Amino acid sequence: MEHPSFLKDTAIYLGAAVVAVPIFKRLGLGSVLGYLAAGSALGPWGFGLVHDPKSILEFSELGVVLLLFLIGLELKPSRLWNMRGAVFGLGGAQVLFCTLALGIVSYHFGLSLAASFVVGFSLSLSSTAFAIQILSERKQLNTAYGRSAFAVLLFQDMVAIPVLALLPLFSSAVDAPSPSIGGVVRVLLSIGLVAAIGKIALRPLLSMVSRADSREVFSAAALLLVIGVGLVMQSMGLSMALGAFLAGVLLSDSEYRHLLEADIEPFKGMLLGLFFISVGTSVDYGLVLNHPSTIALGLACLLFTKYAVVFVLGKWAGLPVAAARQMAAILPQGGEFAFVIFGVATANYILTPEQTNLLIVIVIASMVATPLLGVAEERLMGRLFQPTEAAFDSMSDDHNPVIIAGFGRVGQLVARILRLQNIGFTTLEKDAEQVKTVRKFGSKVYYGDASRLDLLEAAGARSAKFFVLAIDDVETSVKTAEKIKKHFPHLRIFARARNRQHAFELMDLGITEFWRETFSSTMEMSKALLLEMGTSLDDADHIIRKFREHDENAMLHQHKIHQDETALIQYSKQSVQQLLDSVAADQASQKR
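Everything numeric in this text was worked out from a predicted model, so none of it was measured. (Residues numbered from 1 in each chain as written. Predicted model: local features only at pLDDT ≥ 70, side-chain atom pairs only at ≥ 80, totals over all residues. Heavy atoms only, no water.)

Novice: Hey, could you go over the overall build of the protein for me, with residue numbers and the actual values?
Specialist: Counting secondary structure elements, the protein contains 27 helices and 6 strands. Counting across all 592 residues of the protein, residues that qualify as buried make up 46%. Taking the intrachain contacts of the protein between residues at least 6 apart in sequence as the baseline, contacts between residues at least 24 apart amount to 73%. Per element, the accessible surface of the protein, about 30400 Å² overall, is 63% carbon and sulfur. (Helix = DSSP H or I, 4+ residues; strand = E, 2+ residues; numbered from the N terminus. Buried < 20%, exposed > 50% of the residue type's maximum accessible area, 1.4 Å probe, protein only. Contact = heavy atoms within 4.5 Å. Areas by Shrake-Rupley, 256 points an atom, 1.4 Å probe, with all protein chains shown as cover.)

Novice: Which residues make up the pairing of strand β1 (residues 402-405), and what values do they have?
Specialist: Residue alternation in β1 divides its side chains into two sets, Val402 and Ile404 and Ile403 and Ala405, and both sets are buried. As paired strands, β1 and strand β2 (residues 425-429) are joined by 4 bridges and run parallel to one another. Across the sheet, residue isoleucine 404 finds its bridge partner in β2, namely threonine 427. By the bridge criterion, 4 bridges tie β1 to strand β4 (residues 466-469) in an arrangement that is parallel. Bridging from a neighbouring strand, isoleucine 403 pairs with phenylalanine 467 of β4. (Pairing = 2+ DSSP bridges.)

Novice: Explain the packing of aromatic side chains to me, using residue names and the numbers behind them.
Specialist: Going through the model one piece at a time under the given rule, you end up with 4 aromatic pairs. Ring centres of phenylalanine 88 and phenylalanine 155 lie 6.0 Å apart, and the angle between their planes is 80 degrees; this geometry places the pair in the edge-to-face category. Of the two residues, phenylalanine 88 is situated in helix α6 (residues 84-108) and phenylalanine 155 in helix α9 (residues 144-166); the sequence distance between them amounts to 67 residues. Residue phenylalanine 88 is classed as exposed on the basis of its relative accessible area, which comes to 51%. Overall, phenylalanine 155 belongs to the buried group, its relative accessible area being 14%. Ring geometry for phenylalanine 494 and tryptophan 515: centres 5.9 Å apart, planes at 5 degrees, overall stacked. Of this pair, phenylalanine 494 sits in strand β5 (residues 492-497) while tryptophan 515 sits in strand β6 (residues 514-516), and the two are 21 residues apart along the sequence. Here phenylalanine 494 falls in the partly exposed class, since its relative accessible area comes to 27%. (Phe/Tyr/Trp six-rings, centres within 6.5 Å; stacked < 30°, edge-to-face > 60°.)

Novice: Could you give an account of the nonpolar core, naming the residues involved and the relevant values?
Specialist: Residues Phe69, Leu251, Leu260, Ile264, Met327, Leu331 and Leu351 are the most contacted members of the largest nonpolar core, which totals 112 residues. Here this core gets 12 residues from one element, more than from any other, and that element is α9. Residues Leu428, Ala464, Ala495 and Phe514 belong to the second largest nonpolar core, which totals 26 residues. (Core = buried A, V, L, I, M, F, W, Y, C linked by side-chain atoms within 4.5 Å.)

Novice: Which residues make up the sheet that holds strand β3 (residues 446-447), and what values do they have?
Specialist: Strands sit in the order β3-β2-β1-β4-β5-β6 across an open sheet of 6 strands; the sheet is parallel. Every other strand in the sheet has two partners, leaving β3 and β6 as the edge strands with one partner each.

Novice: How would you summarise the environment of leucine 509 if you had to cite specific residues and measurements?
Specialist: On the secondary structure map, leucine 509 appears in the loop between α24 (500-508) and β6. For leucine 509, a relative accessible area of 24% corresponds to the partly exposed category. Between the C-alpha atoms of leucine 509 and glutamate 482, which are 27 residues apart in sequence, the distance is 7.0 Å. Filtering out sequence-adjacent residues up to four positions away, leucine 509 remains in contact with Val478, Ala481, Glu482 and Lys485.

Dropping the structure here:
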């Protein structure tokens, strides 16, 4: 039988991804589910265009390795040390309780005690690739629940290694190899040795390569670095992904961090997509058809158990209800390590091949279900819990002359200035996490949505004199300004404008006292730059003043025509030339 060429396989995978992923993203289901669907369509139970998914899966796992390296680049050792509580506390609790719960369920289904532990532990591990990809797409990696989810995933990746080393202890075979404590110690020493050598050798190596002044060579060195460290760890019986993560952490505070990230990112994205597609091709629909009730029940137990445990632990860790729900919806699936553990368990006669095949299908099905569960959580559970989340703080009866809406970068600075003069103010902030954070530092902030009329009434808008509009979100800011103008016209609004378009929308409402948030700081920075380049202080002051006056006058005229894009573009071009001519004329007159 003649196998298709590498280029033909590549074209098939790329074509499937190009067709499926945009459709699924447009439907709001995310790219991960699109890749999985594309893989299912290519596999033996689809069009049959892929005949050996396992070989492709092995190659595409390099995408997971590169993903862990990039995650490591984002985590400086100091930050990683600061996360130790979440990693070992929340992560350890998640693995422990999920292993116990899923192990009890497995034992109830007739598995031996040893097999129940192995299955419970394997299924307690989530998919780092799936979870991180979904968090990245939603831009939620830096949220409270995103950081907590990452801490859990990091602990899972670390704890899987020693458990793999100890699996032969549970073997029922007479000739099974028995691990020793020395083997576990060797694993720990190997990690320490790789970390020490990497700390000493990685930077000099990259410095030597960078002197070649070749972007292609540096890209090759970056890939060699990740794959090389991964292979060294693998030769010691550890995970390539863990080795790549360790290499990333070691280079997170180096001067090459951003260049490495830029070089690795394209390879990571393509290979990670290939990994998801190959997982989709591995689904054995024959087993699904032969054992539908067993697989459905196993899938339901897995998703429900992990969702419930992670939700409870999220609340225990201090996350708000919504954040705990979101974290639970990210981590219910089985992970890549389960495939490896099941294989080792089968080789050591802990699990039968039939049990392993069923468990693999359940893990893959849980990966497919995770994006759907995330959509359901966002669209359905969010609505059900909306009344609870909207229970804003009640206000005190001490109505102050100033109300500050938004307690981020701008609102906090305004509040500090007012406090210096003992001027009373009431602060409203819609982000519960922000409220929780600033309250730790002693600031009195009310959790509330300033665009709601009842909250404005409770905050004392009828008796207040000034309203500081410092909300970051443009849509919410304009909506709040409309409410103020309509119901509290006596309030004098001092507004933060995020950009020029935001300023136009505020001007449409008749608000004239607004400040573009980066304009003044940019003027100061430009002035400092001119001085460093040899411009005299008088000339620098004149240029900055001239630019400021011109820009403010131009914005007033642009506001009148900002709905007419053609007129706006034409005027903007003319305005730039007018400014250049005006400055040139001033310089010519000074020379005379």
